[in-house]
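Survey of secondary and tertiary structure
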Amino acid sequence: MTPPQEHAEALAGSGDVVHLLSFDVEEYFQVEAAARSGVRREDWQGFATRLGPSVDRVLQALADHQASATFFVLGWVAQHEADVVRRIAAAGHEIASHGMEHRMLQHLTPDQFRRELLDSRRMLEDLSGQPVIGYRAPTFSITHDTAWALDVLAETGYRYDSSVFPIHHDRYGVPDAPRGIHRAVGPTGGGVLEVPPLTLRFAGTNWPVGGGGYLRLLPVRVVGRALKKAARQGRPGMIYLHPWELDPGQPVLPMPRLTRFRHRVGLRRTEAKLRWLLRRFRFTGIGRRLDSLLEQADGAYHYGRP
Ligand SMILES: [Zn+2]
């Protein structure tokens, strides 16, 4: 039951806007930070899996608040932990693709990327019994340099993408990309709907607030304020998290100090923050609202410009 004061706050802030919630479904040892610290893909099967119980905590939180979400699932997870995918789909959530082996797009050729899109979709559709129409690149790795990926997404029949972070970052980001939902056009003219993570505009810069380490690091009220601000403009905000972010008991991987800080900061509080957001705002997945999101889109933005 939502306390009346909180409920009033949610109504005052968000109006009728339903925000978007997404999870990248991968093991804690599959993140880019682990790969950069020497964890090799051929060693993945030697690690103890911790994904299932974390996914179940996410599913329980969503069920407790009658929320639904999009789950971008790694093809490796479909191959090795099929039951996790079945449980997410059975709970009524959208299944989308997070590629096959968590390779950032700058390390794939267009042909390899096409194969990843087709293989992951086939596996995820077989397991979930639902059409897969959405994609998120590992580590938000669609940038101007990898904009060819947008053409490949369009050509393979994907309808939307959520891989562009409109910020400055050392590993990803397109700081001049639109902050709102828009049509992303690749160098040869292929287009998909782009759903960027929630940012705040402040002092002439876009600040990431909508998920992952940013959400873990920031007071959750800042995320709430950003959602209200988006809602006042009639736009949904998109939040993203990973099941491993709700698992403070995961083994500590050998990483450089800053990388380990980014990976582990606030893990104990992630579930409480997710539940705080679920109490105050309404959330749903991306794919099932595609038609209304297309209507709200801010026009086209061309990626891959020199
Ligand atoms: Zn990922």
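The paragraphs below set out a description of the structure included in this document. All residue numbers refer to position in the chain's written sequence, counted from 1. In keeping with the model being predicted, local features are shown solely for residues with a pLDDT of at least 70 and side-chain atom pairs are shown and tallied solely at 80 or more, while totals for entire chains, interfaces and linings include all residues. Side-chain figures throughout are based on the complete set of non-hydrogen atoms in the structure, without hydrogens or water.

**Brief notes about the overall build of the chain**
Applicable threshold: Numbering of helices and strands starts at the N terminus; helices are DSSP runs of H or I of at least 4 residues and strands are runs of E of at least 2. Only protein chains enter the accessibility calculation, which uses a 1.4 Å probe. A residue is then buried if its area is under 20% of the maximum for its type, exposed if over 50%, and partly exposed in between. Residues are treated as being in contact if the distance between any of their heavy atoms lies within 4.5 Å. Each accessible area is a Shrake-Rupley result for a 1.4 Å probe, and residues are judged covered by the shown protein chains and nothing else. Lys and Arg are tallied as positive, Asp and Glu as negative. Neither His nor the chain termini are counted. A charged residue contributes its charge at one atom only: NZ of Lys, CZ of Arg, CG of Asp or CD of Glu.
Of the regular secondary structure elements, the chain holds 12 helices and 12 strands. If you line up the chain on its principal axes, its C-alpha atoms span 50 × 45 × 40 Å. Taking all 306 residues of the chain together, the buried fraction comes to 58%. Across the chain, the fraction of contacts at a sequence separation of at least 24, relative to all contacts at a separation of at least 6, is 79%. Roughly 13,100 Å² of accessible area belongs to the chain as shown, and the carbon and sulfur atoms make up 52% of that amount. Positive and negative side-chain charges in the chain, numbering 39 and 33 respectively, have mean positions lying 8 Å apart.

**Comments concerning the coordination of the zinc ion**
In plain terms, the rule: Because no water is among the atoms considered, metal sites can look incomplete, with donors defined as N, O and S atoms within 2.8 Å of the metal, or 3.2 Å for Na, K and Ca.
Those protein atoms acting as donors to the zinc ion are Glu26 (OE), His98 (NE2) and His102 (NE2), and they sit at 1.9 to 2.1 Å. In primary sequence terms, the donor set of the zinc ion follows E-x71-H-x3-H. On the criterion of sequence distance, the pair formed by Glu26 in the loop between strand 1 (19–25) and helix 2 (32–36) and His102 in the loop between strand 3 (94–97) and helix 6 (110–128) is long-range, its members being 76 residues apart. The burial state of Glu26 is the same as that of His102; both residues are buried.

**Considerations on the layout of surface pockets**
The line we're drawing: Here the term cavity refers to a set of points on a 1 Å grid, laid over the protein atoms alone, in which a 1.4 Å probe fits but cannot get out; the term pocket refers to an open set having protein on both sides within 12 Å along at least five of seven lines, with lining residues being those that place an atom within 4 Å of a point. Grid points are joined across faces, edges and corners, and a volume is the space filled by probe spheres set on the points.
Considering only enclosed or pocket space, the largest pocket measures out at about 590 Å³ in volume. For the lining of the largest pocket, the element with the most residues is helix 8 (residues 212–217), which contributes 5 residues.

**Observations regarding the environment of Leu277**
If you trace the backbone, Leu277 turns up in helix 11 (residues 270–280). With relative accessibility at 1%, the residue Leu277 sits in the buried group. Setting aside anything within four residues of it in sequence, one finds Leu277 in contact with Leu215, Val220, Val223, Gly224, Leu227 and Phe283.

**Remarks on the packing of aromatic side chains**
The criterion, for reference: The criterion for an aromatic pair is that two Phe, Tyr or Trp rings (for Trp, the six-membered ring) have centres within 6.5 Å, with stacked assigned to planes under 30 degrees apart, edge-to-face to planes over 60 apart and tilted to the rest.
Applying the stated criterion across every chain yields a total of 17 aromatic pairs. Ring-pair connections join several aromatic residues into one group, and the members of that group are Tyr28, Phe29, Trp44, Phe47 and Trp76.

**Description of a positive patch on the surface**
Applied cut-off: Patch membership requires over 30% relative accessible area and the absence of a salt bridge. Like charges are linked within 9 Å, and nonpolar side chains (Val, Leu, Ile, Met, Phe, Trp, Tyr) within 5 Å. Salt bridges, as used here, are contacts in which a Lys or Arg side-chain nitrogen is within 4 Å of a carboxyl oxygen on Asp or Glu.
Judged by side-chain charge, Arg179, Arg201, Lys229 and Arg232 come together as a positively charged surface patch. Assignment of secondary structure puts Arg201 in strand 8 (residues 199–202).

**Considering the packing of helix 9 (residues 220–232) against helix 11**
Keep this limit in mind: Every angle, taken between N-to-C directions, lies between 0 and 180 degrees, and every axis is a line fitted to C-alpha atoms, over only the stretch in contact when it is a helix. If an angle is under 35 degrees, it is roughly parallel; if it is over 145, roughly antiparallel; if it lies from 65 to 115, roughly perpendicular; otherwise it is oblique. By the definition used in this description, the sense in which the near helix is turned from the far one sets the handedness, with an anticlockwise turn below a right angle giving left-handed and a clockwise turn giving right-handed. Polar here means any residue outside two lists: the nonpolar Ala, Val, Leu, Ile, Met, Phe, Trp, Tyr, Cys and Pro, and the charged Asp, Glu, Lys and Arg; Gly therefore counts as polar.
The N-to-C vectors of helix 9 and helix 11 enclose an angle of 30°; their axes lie 10 Å apart at closest approach. Classified by the angle between their axes, helix 9 and helix 11 sit roughly parallel to one another. As for how helix 9 packs across helix 11, the hand of that crossing is right-handed. Contacts between helix 9 and helix 11 pair Val220, Arg221, Val223, Gly224 and Leu227 from the former with Lys273, Trp276 and Leu277 from the latter. Residues that form the contact of helix 9 with helix 11 fall into these classes: 5 nonpolar, 1 polar and 2 charged.

**Examining the pairing of strand 10 (residues 238–241)**
So the rule is basically this: Two strands qualify as a pair provided that DSSP identifies no fewer than 2 bridges between them.
Burial of the side chains of strand 10 extends over both faces: Met238 and Tyr240 are buried on one face and Ile239 and Leu241 on the other. In terms of strand pairing, strand 1 meets strand 10 through 4 bridges, oriented parallel. When the sheet's bridge partners are listed, Phe23 is paired in strand 10 with Leu241.

**Quick look at the side chain of Glu27**
For clarity, the threshold we go by: In protein, a polar contact means a hydrogen-donor-capable atom and an acceptor-capable atom, both N or O and within 3.5 Å, with residues adjacent in sequence counting only if both atoms are side-chain atoms; elsewhere, any N or O pair within 3.5 Å suffices.
For Glu27, the location among the structural elements is in the loop between strand 1 and helix 2. Despite being buried, Glu27 has no salt bridge partner; Arg50 is the closest side chain of opposite charge, sitting 7.0 Å away. At a separation of 3.0 Å, a polar atom in the side chain of Glu27 contacts the main-chain amide nitrogen of Arg50. When neighbours within four sequence positions are excluded, Glu27 is seen to be in contact with Thr49, Arg50, Leu51, Trp76, Glu81 and Trp244.

**With respect to empty space enclosed by the protein**
Here the structure, examined in full by the defined rule, presents 1 cavity of 30 Å³ or more. Of the voids in this model, the largest cavity is the one considered here, and its volume is about 40 Å³. Residue lining of the largest cavity: Glu26, Glu27, Tyr28, Arg50, Leu51, Ser54, Pro243, Trp244 and Asp247, and that is the complete set. When the residues that make up the lining of the largest cavity are grouped by side-chain class, the tally is 4 nonpolar, 1 polar and 4 charged.

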